[in-house]
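So you can see what is in the structure, the chains are spelled out below.
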Amino acid sequence: MKHGIAFRKFSRTSSHRMLMLRNLVTSLLQHEQIKTTLPKAKDTARLAEKIITLGKKGDLPAFRRATGFLLNQSLVPKLFSELAQRYAERPGGYTRIHKFGNRPGDNAPHAILELVDNPRDLRFQMTARAVGWELLGKRVGQKDPKSLVATGIPDIDDVIVKEKTVPPEGRGELRTVTRRNLQKVLKYRGGEAAVEMGKIAEDHVDTLLAQPLALKEIVAANQERKEKAAAFAGIRLKVGQTLPGGVRSTLHLAQGALGRDNPGRRAWFNHRKLGVDQTSVWNSL
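Residues numbered from 1 in each chain as written. Predicted model: local features only at pLDDT ≥ 70, side-chain atom pairs only at ≥ 80, totals over all residues. Heavy atoms only, no water.

A. Fine view of the overall build of the protein. Regarding its fold elements, the protein presents 11 helices and three strands. When the helices and strands of the protein are placed in sequence order, the string is α-β-α-α-α-β-β-α-α-α-α-α-α-α. Across the 285 residues that make up the protein, the buried fraction comes to 33%. Of all intrachain contacts in the protein linking residues separated by at least 6 positions in sequence, the fraction that spans at least 24 positions is 62%. (Helix = DSSP H or I, 4+ residues; strand = E, 2+ residues; numbered from the N terminus. Buried < 20%, exposed > 50% of the residue type's maximum accessible area, 1.4 Å probe, protein only. Contact = heavy atoms within 4.5 Å.)

B. Quick peek at the side chain of R17. The residue R17 is located in helix α1 (residues 14-31) in this model. The charged side chain of R17 is buried without a salt bridge, its nearest counter-charge being D43 at 6.5 Å. A polar side-chain atom of R17 sits 3.1 Å from the main-chain carbonyl oxygen of R12. Filtering out sequence-adjacent residues up to four positions away, R17 remains in contact with R8, K9, F10 and R12. (Lys, Arg positive; Asp, Glu negative; His and termini not counted. Salt bridge = Lys/Arg side-chain N within 4 Å of Asp/Glu carboxyl O. Polar contact = N/O pair within 3.5 Å; in protein donor to acceptor, adjacent residues only side chain to side chain.)

C. The arrangement of the nonpolar core in detail. Counting residues in each nonpolar core, the largest one holds 30 residues, and the members touching the most others are V25, L29, I51, L70 and L79. Of all the elements, helix α2 (residues 38-57) adds the most residues to this core, at eight residues. Look past the residues within four positions of L70 in its chain and what remains in contact with it is R22, V25, T26, L29, I51, L75, V76 and L79. One finds V131, L136, L174 and A193 within the second-largest nonpolar core, a separate group that totals 22 residues. (Core = buried A, V, L, I, M, F, W, Y, C linked by side-chain atoms within 4.5 Å.)

Written out as structure tokens, the structure is:
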């Protein structure tokens, strides 16, 4: 019968396995975002939730248990002060797992494990960019793109505040999925989170507007470079071609020595022939 085998073994002994998970939890609390395999991320998230709950309790038994679990004792004050304040109103769900493809080599499934509402929250960043993308798509259909390049979208902050209060069955300027993600990432954050999301969305809108202009400049520069190259195409050297005043033979050039001279050749072999050597002048054209 299936008794006592509820959790993953990771092909390790119990002491090795527990030390590995303690190390992952310690790294997660220190960096607030780590990358590991998907099974390890799931077990690490389970233990990290319990450790953060101890930090929210804040009593002496919780302090002793957290001190005995974490491998880096300098993270204990952070757990009982910064993280406890951040998740004071959140009833669980302090971690988030993002699947990150497969690892090269053994093809193991990769994942990014992060603390919710951390300074580099991936869900927050992706939601802010999605807001900028959707608002820009609607404004382009309503206004001239050239005017958007000059003015941008000045009412992004108002749209975010309005979408935050739209009910699930309501309708707004954003898609249902984007609105649901916006409400989730802003639910337990302060009032400054909406302003921060608006700045990220504005930066993404500026990037989206600048990309076509930059591409147009690159295409124009390439076209100008091609026209200049076509003007000098008639006097450029080809393989095995010599110029008046050159010191190397046609056979020497045809053998692949266009860009280099052999320093081991004798001095009499490099004597100039047929006048003054003007190879550098021709190469500068």
